[in-house]
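# Structure assessment
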Amino acid sequence: MSSSEDESIRQYFQLLEIFAYGTYTDYKESGLPPLSEAQDLKLKQLTIAALAAQKRTIPYSLLLDSLNIENLRELEDLIIECIYQGLIEGKLDQEKQQLEIDCTIGRDVRIEDIDSMINTLSTWKDKSQVLLEEINLKIMHAQTEDEQIKSQKEAFEKNLEEKKGVIKTSLAEEPEQQMMMDQDFHFMDPSRGPRGRKGRKGRNKHRHM
């Protein structure tokens, strides 16, 4: 294999790596041969996806510089095409001159980036574990409060029923007590007894004498 063939293979391999996980800036700095129109468009789209994976909000100025585009209309058309193709989800903010990202596709991962990804995932796992423990504690606290409320409600209802029973018993006994009080009053009233009537007759008789 000649040196020219080796160089050609090297360039193709380098270009393949750029399309796998590189950006348009990497291509411009590589000194590789010109891309076809379709290749140029595809790499620019992949570059937008790569930037979207790094930032939730991407200024137009950064996109124009990263894509080597000078026309703002061309940039917005390119972004809209990326959205239609499902490479990114987001919206254009023309007033603030920025692209707001909701989500994006994943690109291939460089071997040297694997350790960083593992560390990121480990950190996420640890934070998730702490969050899960906090949620479990809140659930236990809520269950304890719920049991206390139920216990207080049961005690209140029991006390209420007891008071209702006392009131019903009192109301049932009241007529009988009233009757007894009426009878006692009848015997204690002198104007109603025989001695009361006799006394009045004696006074009248004394006056005639």
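Anything mentioned here points back to the structure above.
Scope of this entry: the structure provided in the associated data block. Fair warning: this is a prediction, and the values are worked out from it, not measured in the lab.

Rules used in this analysis
- Residues numbered from 1 in each chain as written.
- Predicted model: local features only at pLDDT ≥ 70, side-chain atom pairs only at ≥ 80, totals over all residues.
- Heavy atoms only, no water.
- Salt bridge = Lys/Arg side-chain N within 4 Å of Asp/Glu carboxyl O.
- Helix = DSSP H or I, 4+ residues; strand = E, 2+ residues; numbered from the N terminus.
- Buried < 20%, exposed > 50% of the residue type's maximum accessible area, 1.4 Å probe, protein only.
- Patch = residues over 30% accessible without salt bridge, like charges linked within 9 Å, V, L, I, M, F, W, Y side chains within 5 Å.
- Areas by Shrake-Rupley, 256 points an atom, 1.4 Å probe, with all protein chains shown as cover.
- Pairing = 2+ DSSP bridges.
- Axes fitted to C-alpha atoms, helices over the stretch in contact; angles between N-to-C directions.
- Contact = heavy atoms within 4.5 Å.
- Expected span 1.5 Å × (residues − 1).
- Arc of directions from axis to C-beta.
- Polar contact = N/O pair within 3.5 Å; in protein donor to acceptor, adjacent residues only side chain to side chain.
- Core = buried A, V, L, I, M, F, W, Y, C linked by side-chain atoms within 4.5 Å.

Turning our eyes to something else, we now look at the pattern of salt bridges. A complete count under the given rule lists six salt bridges for this structure. With a closest N to O distance of 3.5 Å, Asp146 and Lys150 form a salt bridge. With Asp146 and Lys150 both in helix 6 (residues 114–188), this residue pair falls four residues apart, about one helical turn. Accessibility expressed as a relative area gives 36% for Asp146, which makes it partly exposed. Among the salt bridges present, the one from Lys164 reaches Glu161, with a minimum N-O distance of 3.8 Å. With Lys164 and Glu161 both in helix 6 and three residues apart, the pair spans about one turn of that helix. The exposure class assigned to Lys164 is partly exposed, which follows from its relative accessible area of 39%.

The next thing to look at is a nonpolar patch on the surface. A cluster of nonpolar side chains, contributed by Val109, Ile111, Ile114, Met117 and Ile118, occupies part of the molecular surface with about 470 Å² of accessible area. Structurally, Ile114 is set in helix 6. Using a relative accessible area of 40% as the deciding quantity, one classes Ile114 as partly exposed.

Now for the sheet that holds strand 2 (residues 88–93). In space, the three strands of this open sheet follow the order 1-3-2, with antiparallel pairing throughout. The outermost strands of the open sheet, each flanked by one partner alone, are strand 1 (57–59) and strand 2. Averaged over neighbouring strand pairs, the angle between their axes works out to 25° when direction is ignored. Here helix 3 (residues 37–54) sits on the sheet and contacts strand 1, strand 2 and strand 3 (98–104); the angle it forms with strand 3, its principal contact strand, is near 85°.

With 13 residues, helix 5 (residues 72–84) ought to run about 18 Å at 1.5 Å a step, and its terminal C-alpha atoms sit 19 Å apart, in line with that. Among the residues of helix 5, Leu75, Glu76, Leu78, Ile79 and Cys82 are the ones counted as buried. Looking straight down helix 5, one finds that the buried residues subtend no more than 160° of arc, so they occupy a single side. Along helix 5, the residues that are exposed and aim more than 90 degrees away from the buried face are Arg73 and Tyr84. In this structure, the buried residues of helix 5 make contact with helix 3, helix 4 (60–67), strand 2 and strand 3. At the N-terminal boundary of helix 5, the capping side chain belongs to Asn71, with an oxygen 2.7 Å from the backbone nitrogen of Arg73. Once helix 5 ends, the next one or two residues include Gly86, with phi positive near 80°.

Turning our eyes to something else, we now look at the nonpolar core. Residues Ile48, Ile58, Leu63, Leu75, Ile79, Ile88 and Leu99 are the most contacted members of the largest nonpolar core, which totals 16 residues. For this core, the secondary structure elements donating two or more residues are helix 3, helix 4, helix 5 and strand 3. Top element by residues in this core is helix 5. It accounts for four residues. With seven residues, the next largest nonpolar core counts Leu15, Ile18, Tyr24 and Tyr27 among its residues.

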